[in-house]
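# Residue-level structure breakdown
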Amino acid sequence: MDSSIYGVSSSKIFLFFYFFFVSFAIAALPQNPSGKSFSSSASGQINSNSVLVALLDSHYTELAELVEKALLLQTLEGAVGKHNITIFAPRNEALERQLDPEFKRFLLEPGNLKSLQTLLMFHIIPKRVGSHQWPDPKAGPVKHNTLCNDHLNLTSKSTGKKTVDSAELIRPDDVIRPDGVIHGIQQLLIPRSVIEDFNKRRNLRSISAVLPEGAPEVDPRTHRLKKPAPVPVGAPPVLPIYDAMAPGPSLAPAPAPGPGGPHHHFDGESQVKDFIQTLLHYGGYKEMADILVNLTSLATEMGRLVSEGYVITVLAPNDEAMAKLTTDQLSEPGAPEQIIYYHIIPEYQTEESMYNAVRRFGKVRYDTLRLPHKVVAQEADGSVKFGHGEGSAYLFDPDIYTDGRISVQGIDGVLFPEEETQTVQKPAAVKVASKPRRGKLLEVGCWMLGTLGQDSRFRSCQ
């Protein structure tokens, strides 16, 4: 018999309190009617067990670096908070060596951030798709929408290979987390919209690589084309920049074919004048501007080269570095031109492109307008260092002037070719007075006389 309190049994009282506490605990739990597992905390910070954290800590370092540069982490956190995701990660070799350098340079330019974001979100599906969920080979491809409002086709071949569009799945289910999965793929996936944007913004480059039907014939005496080929407007010049340069300070500039020609499609004179004015207003580069305009005719020649369609990068030493030049270095005929020629690279390079190159390859040799000398660049102290040893210079003022054709980078030293900086000092010849060599027989005789204690009358023994 159960004991009763005021007519109510103790077992009934126990059951009442049990159901009361259970219902209170259920009411206190957070509600999740959708049944989805969230990897983000209530504060908006991502969980340490999230697939995004796994991506940043994985061996897909090139893809993780692009995600950070594209400023996509906050967007992907929101996507992970709503649903599971599937990431198709290209291997590092596909982004380092197999990607066109021109296309990678296009993606890393600040003005093309949207294209980079579209490219990366093209590799992400807002749902969880494991390797066991690939379609059957007989069923055909299955479309899945991506985060960039495009779609990917997942297919399986009769040989057992699984593909994502044109990329082969090489590491299925490489990283598995509660909020997503990462599959390793053979190559980068590029949506059509990014390819069209790249082709529209290419500067003086042909959209498709077409083999030339016939190489132009150049007269070695005049550096002119024997049969001038028609050059479309906006195309790069036919001749290299060295054939378009003036052959000497006392000779007339050599004519160079190009999109400008007599029509001046590119106003190189105005662009050179603009960058020289920028040097003067920037401050600290008046000596460089004075040499270009007053001491030499290089400003006119650079303007003509830019008008003909060529691009250049100027490594401009500041006034403190130019003040260290001696009179002997500037007094020789043509010396100022040769010094400045060594500071002009016939490519369009920015501080970011040069730093990425030296960080990736260690040392990079850039051609200069002073043939055949090259200037060596390498990474040092988080910047770019040019030259060797004591004659080196750091990239001091990056991107002083960049207009797509002329790039001016300020450096803190004057550069000279390595052959000129190495002075070979030969040791001075020291003359040693040789003593007259006495005969062996005479030496033995003097030694015997000395041992016997007799004085020798021979001068050779004294």
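Before reading on, note that the structure itself is shown above.
Okay, so let's go over this structure. In this text the structure is predicted, and so the values were computed from the model without any measurement.

### Some words on the overall build of the protein
Secondary structure assignment for the protein yields 18 helices and 18 strands. Across the protein, the fraction of contacts at a sequence separation of at least 24, relative to all contacts at a separation of at least 6, is 64%. Of the accessible surface of the protein, which amounts to about 28,300 Å², a share of 55% is contributed by carbon and sulfur atoms.

### Regarding the packing of helix H10 (residues 268–282) against helix H11 (residues 286–295)
Viewed as axis vectors pointing N to C, H10 and H11 meet at an angle of 150 degrees, and their least axial separation amounts to 8 Å. It follows that H10 is roughly antiparallel to H11 by the angle criterion. The crossing of H10 and H11 is left-handed. Contacts between H10 and H11 pair Phe275, Ile276, Leu279 and Leu280 from the former with Lys286, Met288, Ala289, Leu292 and Val293 from the latter. Grouping the amino acids of the contact of H10 with H11 by side-chain chemistry returns eight nonpolar, no polar and one charged.

### What about the environment of Thr163?
Mapped onto the elements, Thr163 comes out in strand S7 (residues 162–164). Linking Thr163 and Ile185, residues 22 residues apart in sequence, is a C-alpha distance of 8.2 Å. Once residues lying within four places of it in the same chain are set aside, the contact partners of Thr163 are Trp134, Asn153, Leu154, Thr155, Lys157, Glu168 and Leu169. Polar side-chain contacts of Thr163 include one of 2.3 Å to the side chain of Thr155.

### Things to note about helix H8 (residues 192–201)
Of the residues making up H8, those classed as buried are Val194, Asp197 and Phe198. Down the axis of H8, the buried side of the element spans an arc of 100 degrees, and every buried residue falls inside it. Opposite the buried face of H8, at more than 90 degrees from it, the exposed residues are Arg192 and Lys200. Contacts made by the buried residues of H8 are with helix H6 (101–108) and helix H7 (113–121).

### Side note on H10
A rise of 1.5 Å per residue sets the reference length of H10, with its 15 residues, at 21 Å; its end C-alpha atoms lie 21 Å apart and thus fit the reference within 8%. Among all positions in H10, only Gly268, Gln271, Val272, Phe275, Ile276 and Leu279 are buried. In a view along the axis of H10, the buried residues occupy a sector of 135 degrees, so they form one face of it. Set apart from the buried face of H10 by more than 90 degrees, the exposed residues are Lys273 and His281. Against the buried residues of H10 lie H11, helix H12 (298–307), strand S17 (393–402) and strand S18 (406–411).

### Section: the pairing of S17
As paired elements, strand S16 (residues 383–386) and S17 share two bridges and run antiparallel to each other. Bridging across to S17, Phe386 finds its partner in Ala393. Connecting the antiparallel pair S16 and S17 is a turn made up of six residues, with Gly387 showing a positive phi of about 90 degrees. When S17 meets S18, the two strands line up antiparallel, connected through four bridges. Following the sheet pairing, Leu395 is matched in S18 by Ile411.

### Describing the sheet that holds strand S13 (residues 344–345)
With mixed pairing, the seven strands of this open sheet are ordered in space as S13-S12-S18-S17-S16-S15-S14. The sheet terminates laterally at S13 and strand S14 (363–367), the two strands that pair on one side only. Where helix H16 (residues 351–361) meets the sheet, it contacts S14, strand S15 (374–380), S16, S17 and S18, and its direction lies at approximately 135 degrees from that of S14.

### Considerations on the environment of Leu76
Within the secondary structure, Leu76 sits in helix H4 (residues 73–82). The exposure class assigned to Leu76 is buried, which follows from its relative accessible area of 1%. Note: C-alpha distance between Leu76 and Ile124 (48 residues apart in sequence) is 9.4 Å. If sequence neighbours within four positions are ignored, Leu76 has contacts with Leu52, Val67, Ile124 and Leu147.

Reading the values: the criteria
- Residues numbered from 1 in each chain as written.
- Predicted model: local features only at pLDDT ≥ 70, side-chain atom pairs only at ≥ 80, totals over all residues.
- Heavy atoms only, no water.
- Helix = DSSP H or I, 4+ residues; strand = E, 2+ residues; numbered from the N terminus.
- Contact = heavy atoms within 4.5 Å.
- Areas by Shrake-Rupley, 256 points an atom, 1.4 Å probe, with all protein chains shown as cover.
- Axes fitted to C-alpha atoms, helices over the stretch in contact; angles between N-to-C directions.
- Parallel < 35°, antiparallel > 145°, perpendicular 65-115°, else oblique.
- Left-handed = near helix turned anticlockwise from the far one by under 90°.
- Nonpolar A, V, L, I, M, F, W, Y, C, P; charged D, E, K, R; others polar.
- Polar contact = N/O pair within 3.5 Å; in protein donor to acceptor, adjacent residues only side chain to side chain.
- Buried < 20%, exposed > 50% of the residue type's maximum accessible area, 1.4 Å probe, protein only.
- Arc of directions from axis to C-beta.
- Expected span 1.5 Å × (residues − 1).
- Pairing = 2+ DSSP bridges.

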